[in-house]
Amino acid sequence: MDIVASFKKQAQARDLSIVLPEGSDERIIAAARRIKDEGIANPIVLGKPEKIAEAAKQAGVKIDDITTLNPREADNLDQYAQAYCQGRDDITVPVAKRMVMKPLFYGGMMVAQGQAHAMVAGAANATATVIQAGVLTVGFAQGINTPSSFFLMVIPDFQGEKDKPFIYADCAVNIDPTEEELAEIALASAASGAKLLGTEPRVAMLSFSTRGSASHAHVDKVTKALAIARERDGSLAIDGEFQADSAIVPRVAAKKVKDESAVAGKANVLIFPDLDAGNICYKLTQYMANAQAIGPFLQGFAKPISDLSRGASIDDIVNTAAITLAQA
Amino acid sequence: MSDTADRVRKVTADVLKVDLGRVTDEARFVEDLGAESIQSIELIAAYEEEFDIEIDEEEGTAVKNVGGAIEFIQNVLDNQ
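All values derive from a computational prediction rather than experimental measurement.

Another aspect to go through is the packing of helix α4 (residues 77–85) of chain A against helix α5 (residues 93–101) of chain A. The relative placement of two packed helices is expressed as an angle between their axes plus a distance between the axes. Residues and elements named next belong to chain A. As a packed pair, α4 and α5 sit with axes 8 Å apart at the nearest point and diverge in direction by 110 degrees. One element, α4, and the other, α5, form an angle in the roughly perpendicular class. Judged by the twist between their axes, the crossing of α4 over α5 is right-handed. Taking contact as the criterion, the partners of Leu-77, Asp-78, Tyr-80, Ala-81, Gln-82, Tyr-84 and Cys-85 in α4 are, on α5, Val-93, Ala-96, Lys-97, Met-99, Val-100 and Met-101.

Okay, here's the thing in structure tokens:
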């Protein structure tokens, strides 16, 4: 089965809800209709009633049986404003109330407070704004302070194995991560891999060097990040620094990595040293290996929040919803 | 205009925790006043609360300096 179809099937078997805060966008309404009809989740669409009605008309779908909510008129704004301020002394409750009136932030608070399992947004908002909403509402997962992103790459024929999935990170958000940030990208990607790969994540910290075969500050950054990640989570199968072939090809790993490694030659989560490498590699893999590149998905948050590209199609939104829910 | 301008400057100084004297019309939020992206969205909410108006986030975050914010908010108030 196609990997996206399998995530849809998983979601259908659970009783999940997903908040879509961009209710004035007709693609969002059409996607909400599909999410409901296909039984993937109970969609909750946010926005002003007249805007939602107009978008539904544009999309040509009926939304009578879909939950819609206007954050500005919500009866729990005070509660959300209090929750939003919790642990902070640099914002007042009235300003927080203004924040949670904004659909993206109201949606985030719904996820934070357990009224929805996940949020998908970004069809009508910049990625930076979706990230802000995530940081300020659900916050980061434990031990993480860096929002990052990953692609789920599905390789049609990988060394004889059909439809082999990999996690690639970070290919979209952090341009030149510090060693600390790189460690957090690795930890967040391991968590994403654990939810989506269907097998134990084996995380490779990639470089142009394998086990000290080259000396350079760029290599040092990767080895330091590896040390930080190991210190944070001693149980994780993470190793490096590896060249890409040492990471994923057993034959090469056997030659280049002489010591014991749970990762060398069998990595399924690939951590690139910077955005140049990550972005270039995902696109090369996509076009040269005819791979499916699903994403980017945001990661590092305490609860699942995903970003869409501005040009997202209805299919993209439905698929993103299914994969985001798989992380819930 | 001057009342709006004074209130915008005060809110800006409070939220970004900078001296009022630094909040000149030319002062840019990020480069000159050290606003992080997260603060910029809460600064918009603080303006909304101060003037009891609604500001579109996209349009709001497109404003880069204090003078621009004063003009933007005055426009919203004039069109109410």
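Further notes follow.
Frequently, the measure chosen for interface size is the accessible area that the parts lose on association. Residues and elements named next belong to chain A. Along its sequence, chain A is organised into domain 1 (3–139 + 301–325) and domain 2 (148–295). The C-alpha centroid of domain 2 is placed 31 Å from the C-alpha centroid of domain 1. Between domain 1 and domain 2, the contact holds five residues from the first and seven residues from the second. Across the domain 1 to domain 2 interface the summed buried area is about 500 Å²; carbon plus sulfur atoms make up 87%. Taken as a group, Ile-3, Phe-7 and Ile-323 account for 77% of the area that domain 1 buries against domain 2, more than any other trio of residues on that side. Remark: the boundary between domain 1 and domain 2 carries zero salt bridges.

So, about the packing of aromatic side chains. Under the defined criterion, the tally for this structure stands at six aromatic pairs over all chains. Over the ring of Phe-166 of chain A we find Lys-164 of chain A; its NZ or CZ atom is 5.4 Å from the centre of that ring.

The subject of this paragraph is the environment of Gly-114 of chain A. Residue and element names in this part refer to chain A. Topologically, Gly-114 is positioned in the loop between α6 (103–112) and β4 (118–121). Gly-114 gets classed as exposed once you look at its relative accessible area, which sits at 54%. Spatially, the C-alpha atoms of Gly-114 and His-216 are 46 Å apart, while their sequence positions differ by 102 residues.

All names here are of chain A. In this structure the tally under the stated criterion is 27 salt bridges over all chains. Two residues, Glu-180 and Arg-232, come together in a salt bridge whose shortest N-O distance is 2.2 Å. Linking Glu-180 in helix α8 (residues 179–196) with Arg-232 in helix α9 (residues 217–232), this pair joins segments that are 52 residues apart in sequence. For Arg-232, a relative accessible area of 38% gives the class partly exposed.

What counts and what doesn't
- Residue numbers restart at each chain and count upward from 1, following the sequence in its written direction.
- Lettering of chains starts at A and numbering of ligands starts at 1, both following the order in which they are written.
- Under the rules for a predicted model, residues below a pLDDT of 70 receive no local features and side-chain atom pairs below 80 are neither given nor counted, while totals for whole chains, interfaces and linings still include all residues.
- Heavy atoms throughout the structure, all of them, feed into the side-chain values; hydrogens and water do not.
- Axes here mean lines fitted to C-alpha atoms, for a helix over just the part in contact, with angles spanning 0 to 180 degrees between N-to-C directions.
- Helix and strand definitions here come from DSSP, where helices need a minimum of 4 consecutive H or I residues and strands a minimum of 2 consecutive E residues; each element is numbered from the N-terminal end.
- Working definition: roughly parallel below 35 degrees, roughly antiparallel above 145 degrees, roughly perpendicular at 65 to 115 degrees, and oblique for all remaining angles.
- By definition, turning the near helix anticlockwise from the far helix through less than a right angle yields a left-handed crossing, and turning it clockwise yields a right-handed one.
- Any two residues whose heavy atoms approach within 4.5 Å are treated as being in contact.
- Domain start and stop points were drawn from an automatic or database domain assignment.
- Defined here as a combined quantity, buried area equals the accessible surface (1.4 Å probe) lost by two parts on assembly, summed across both.
- Salt bridges are identified by distance alone: a Lys or Arg side-chain nitrogen within 4 Å of an Asp or Glu carboxyl oxygen.
- Pairing of aromatic rings covers Phe, Tyr and the six-membered ring of Trp, with a centre-to-centre limit of 6.5 Å; geometry is then stacked below 30 degrees between planes, edge-to-face above 60, and tilted otherwise.
- Whether a charge lies above a ring is judged from NZ of Lys or CZ of Arg, which has to be within 6 Å of the ring centre and within 35 degrees of the ring normal.
- Remark: exposure states derive from per-residue accessible area (1.4 Å probe, protein chains only) relative to the maximum for the residue type, with buried under 20%, exposed over 50%, and partly exposed in between.

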